[in-house]
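Spelled out, the chains give:
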Amino acid sequence: MATFEDGYIAGILDGEGCVSGGIDKAGTITIHVAVVMLDLLPVKMLYDKFGGTFRSDNRSCSKRLVHTWRVSNGKSVEALEFIINNCAIKHRAANPALVIAKAMHDTPSGPALPKLEKERRLNLLLELREIVGRKKLSQERVDNYLIERTNGAIQVIDENGRIFKSQSEAAKAVDRTQSAIYYSIKNGHKCAGLNWNLVL
């Protein structure tokens, strides 16, 4: 049975909360639940109940102290379940987010995900973003997520046979950006005078 405090927290999440998801530069899906407010107490209550992170910052435009609570990925399962069970509006966004977050909680690290599981999570992410009205993901981010990985990292090899543990490592070695390496592999163009391929 919901308590008075649960009802208050549900109201804060429904009115001020944000359920979001995306793909970061490393090609990893991210899920977040966050609240940003001027009032300290509600944000502190969320942190005490669900964990995550809590910080207070001065906004330069208004010079007012703003408080932010956020919980992400596999650690957001409890908050998302609460939203689904108690919130009248945000529950729609929480449904696909929870499926992704639970999968992250069950497999926080380890072997690369099978292609079908990646596609399932991507479709759920796209559903979430459509519900909350976020702009479409760039094709570069989607491609970077779907690309085959070895032990959780994209291993690449240059035409001289040098193997790098990740695109980031390869980019640093030749003083180029990670995106430049990515597009060299994708389009078959040279980067830093070299051809690049995935390690299969």
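Residues numbered from 1 in each chain as written. Predicted model: local features only at pLDDT ≥ 70, side-chain atom pairs only at ≥ 80, totals over all residues. Heavy atoms only, no water.

Peer 1: Which residues make up the overall build of the chain, and what values do they have?
Peer 2: A tally of helices and strands in the chain yields 8 helices and 7 strands. Oriented by its inertia axes, the alpha-carbon framework of the chain measures out at about 65 × 40 × 25 Å. Looking at the chain as a whole, 40% of its 200 residues qualify as buried. Intrachain contacts of the chain at a sequence separation of at least 6 include 57% that bridge at least 24 residues. (Helix = DSSP H or I, 4+ residues; strand = E, 2+ residues; numbered from the N terminus. Buried < 20%, exposed > 50% of the residue type's maximum accessible area, 1.4 Å probe, protein only. Contact = heavy atoms within 4.5 Å.)

Peer 1: Before we move on, could you go through the sheet that holds strand 3 (residues 53-58) and cite the residues and values that matter?
Peer 2: In spatial order, the strands read 1-2-4-3; together these 4 strands make up an open sheet with antiparallel pairing. The open sheet has two edge strands with one neighbour each: strand 1 (17-23) and strand 3. Put simply, the sheet's adjacent strands are angled 25° from each other on average, direction ignored. Note that strand 2 (residues 29-37) and strand 4 (residues 65-72) share 6 bridges and pair antiparallel. Bridge pairing in strand 4 links Val35 to Trp69. Running at roughly 65° to strand 2, helix 3 (residues 77-86) makes contact with strand 1, strand 2 and strand 4 of the sheet. Helix 4 (residues 91-106) contacts strand 1 and strand 2 of the sheet and is inclined by roughly 125° relative to strand 2. (Pairing = 2+ DSSP bridges. Axes fitted to C-alpha atoms, helices over the stretch in contact; angles between N-to-C directions.)

Peer 1: Tell me about the confidence of the model for the chain, and please be specific about residues and values.
Peer 2: Considering every residue of the chain, the mean pLDDT works out to 87; 90% of them sit at 70 or more. Across the chain, helix 3 holds the top mean pLDDT of 97, while helix 8 (residues 178-187) sits lowest at 80. (pLDDT = per-residue confidence, 0-100.)

Peer 1: Can you break down the layout of surface pockets residue by residue, with the values?
Peer 2: If you add up the space inside the second largest pocket, you get close to 170 Å³. What lines the second largest pocket is simply Leu122, Leu126, Arg129, Glu130, Arg134, Lys135, Lys136, Leu137, Gln139 and Val142. When contributions to the lining of the second largest pocket are tallied by element, the ones reaching two or more residues are helix 5 (115-132) and helix 6 (139-146). Take the lining of the second largest pocket: its biggest share by element is 4 residues, from helix 5. (1 Å grid on protein atoms, 1.4 Å probe; cavity = no way out; pocket = protein on both sides within 12 Å on 5 of 7 lines; lining within 4 Å. Points joined across faces, edges and corners; volume = space filled by probe spheres on them.)

Peer 1: Would you mind going over helix 4 in detail, with residue names and values included?
Peer 2: For helix 4, which comprises 16 residues, the first-to-last C-alpha distance of 22 Å matches the rise-based estimate of 22 Å (1.5 Å per residue) to within 8%. Helix geometry: helix 4 is bent most strongly at Ala97, by close to 30°. If you check which residues of helix 4 are buried, you get Ala93, Ala94, Pro96, Ala97, Leu98, Ile100, Ala101, Ala103 and Met104. Along its buried surface, helix 4 packs onto strand 1, strand 2, helix 3 and helix 5. (Expected span 1.5 Å × (residues − 1). Bend = angle between axes of the 7 residues up to and from the residue.)

Peer 1: Can you tell me about the nonpolar core, naming the residues and giving the values?
Peer 2: Soluble globular proteins: nonpolar side chains tend toward being buried together. Membership of the largest hydrophobic core comes to 37 residues, with the highest contact counts inside it found for Leu13, Val35, Leu46, Phe50, Trp69 and Leu80. Counting residues per element, this core draws most heavily on helix 4, at 7 residues. In terms of nonpolar packing, the next biggest core, distinct from the first, is built from 10 residues, Val156, Val174, Ile181 and Ile185 among them. (Core = buried A, V, L, I, M, F, W, Y, C linked by side-chain atoms within 4.5 Å.)

Peer 1: Go over the pattern of salt bridges, please, and point to the residues and values.
Peer 2: According to the stated counting rule, one finds 7 salt bridges in the structure shown. The shortest N-O distance in the salt bridge between Arg55 and Asp57 comes to 2.6 Å. The partner of Glu117 in a salt bridge is Arg121, and the shortest N-O contact between them spans 2.7 Å. Of this pair, Glu117 and Arg121 both sit in helix 5, 4 residues apart, which is roughly one turn of that helix. Three or more residues joined by partner-sharing salt bridges are found here, namely Glu117, Arg120 and Arg121. (Salt bridge = Lys/Arg side-chain N within 4 Å of Asp/Glu carboxyl O.)

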